[in-house]
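# Descriptive structure summary
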Amino acid sequence: MSEPTILLVEDEAQIRRLVRAALAEEGYRVLECGTLKEGLAQLHAETMQLLILDLGLPDGDGIAFIRELRTQFSLPVLVLSARSAEGEKIRALDAGADDYLTKPYSSGELLARVRAQLRRAPQEGTAAETHFCFGDIEVDLAQRSVTRKGTAVRLTPIEYRLLCAMLAEPGKVLTYRHLLSAVWGKAFVESNHYLRIYVSHLRQKLEEDPAQPKHFLTETGVGYRFHP
Ligand code: CA
């Protein structure tokens, strides 16, 4: 298989150079442009495996762009932005971004996020995954079974729904609103405390050390992420 192609939409030449250099060194093929209009044209011109998107661009707002993009493309979107406010991250993620990196960031961190997104990029033509292994845990969604080293783990229906919602999008930052709506329903999107309680239940039952979770990770002020 040829190397993944990454589209970088960023209007600052210096940042573009740095990001391109870091990605090229890892062997990725990088296409770049400085406006949303050019970015959209490139996405239509060929299949990309990842979009890295700056939010402040000369011809429009990146968040509105993500929302529009999501009606046509399913590729992962990693937002790169100088805007560090939690509200902005949440808006970008709710619009359909998969992850968010705030400037300044290290190239090591950038590459780790890129690898995570490329791993979770959907393979054309494969059915939704029903079998997951992480740590000592095995989950079989088809059988509705969760086992730890072969022994059944008992989850309540809410815990199981939350687990399914998180497994469905490994590596993606899932906002409070997204998870609350998926598990409890739209009337509960403000009830962040439910999530805190039930994520802590999942950690108690499924993490090796619940105090230092490796799989059910907190994204402070934004939501949670499942890391396989
Ligand atoms: Ca910019």
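In this text the structure is predicted, and so the values were computed from the model without any measurement.

Let's shift gears to the pattern of salt bridges. When the charged atoms of two side chains with opposite charge come close together, those side chains can pair. Counted by the stated rule, this structure contains 15 salt bridges. Between Lys103 and Glu10 there is a salt bridge, with its nearest N and O atoms 3.1 Å apart. Of the two residues, Lys103 is situated in the loop between β7 (99-102) and α5 (107-120) and Glu10 in the loop between β1 (5-9) and α1 (13-25); the sequence distance between them amounts to 93 residues. Residue Lys103 shares its accessibility class with Glu10, and that shared class is buried. In this structure, Arg113 engages Asp99 in a salt bridge whose closest nitrogen and oxygen atoms are separated by 3.0 Å. Taken together, the residues span a long stretch of sequence, with Arg113 in helix α5 and Asp99 in strand β7 at a distance of 14 residues. No difference in accessibility class separates Arg113 from Asp99, as the two residues are buried.

When cut into domains, the protein chain gives domain 1 (5-120) and domain 2 (131-226). When each unit is reduced to the centre of its C-alpha atoms, the spacing between domain 1 and domain 2 is 27 Å. Listed by partner, the interface residues are twelve residues for domain 1 and eleven residues for domain 2. Counting each side, the surface lost to burial between domain 1 and domain 2 is near 910 Å², with a carbon and sulfur contribution of 51%. Three residues stand out in domain 1 for area buried against domain 2, namely Leu93, Asp94 and Arg120, and they jointly supply 43% of the buried area on that side. Along the contact surface separating domain 1 from domain 2 lie two salt bridges. Taken together, the links from domain 1 to domain 2 amount to five residue pairs in polar contact (both at pLDDT 80 or more). Counting residues per element, the ones that place at least two in the side of domain 1 that touches domain 2 are α4 (86-95) and α5.

Each value, and the rule that gives it
Residues numbered from 1 in each chain as written. Predicted model: local features only at pLDDT ≥ 70, side-chain atom pairs only at ≥ 80, totals over all residues. Heavy atoms only, no water. Salt bridge = Lys/Arg side-chain N within 4 Å of Asp/Glu carboxyl O. Helix = DSSP H or I, 4+ residues; strand = E, 2+ residues; numbered from the N terminus. Buried < 20%, exposed > 50% of the residue type's maximum accessible area, 1.4 Å probe, protein only. Domains from an automatic or database assignment. Contact = heavy atoms within 4.5 Å. Buried area = accessible area lost by both parts, 1.4 Å probe. Polar contact = N/O pair within 3.5 Å; in protein donor to acceptor, adjacent residues only side chain to side chain.

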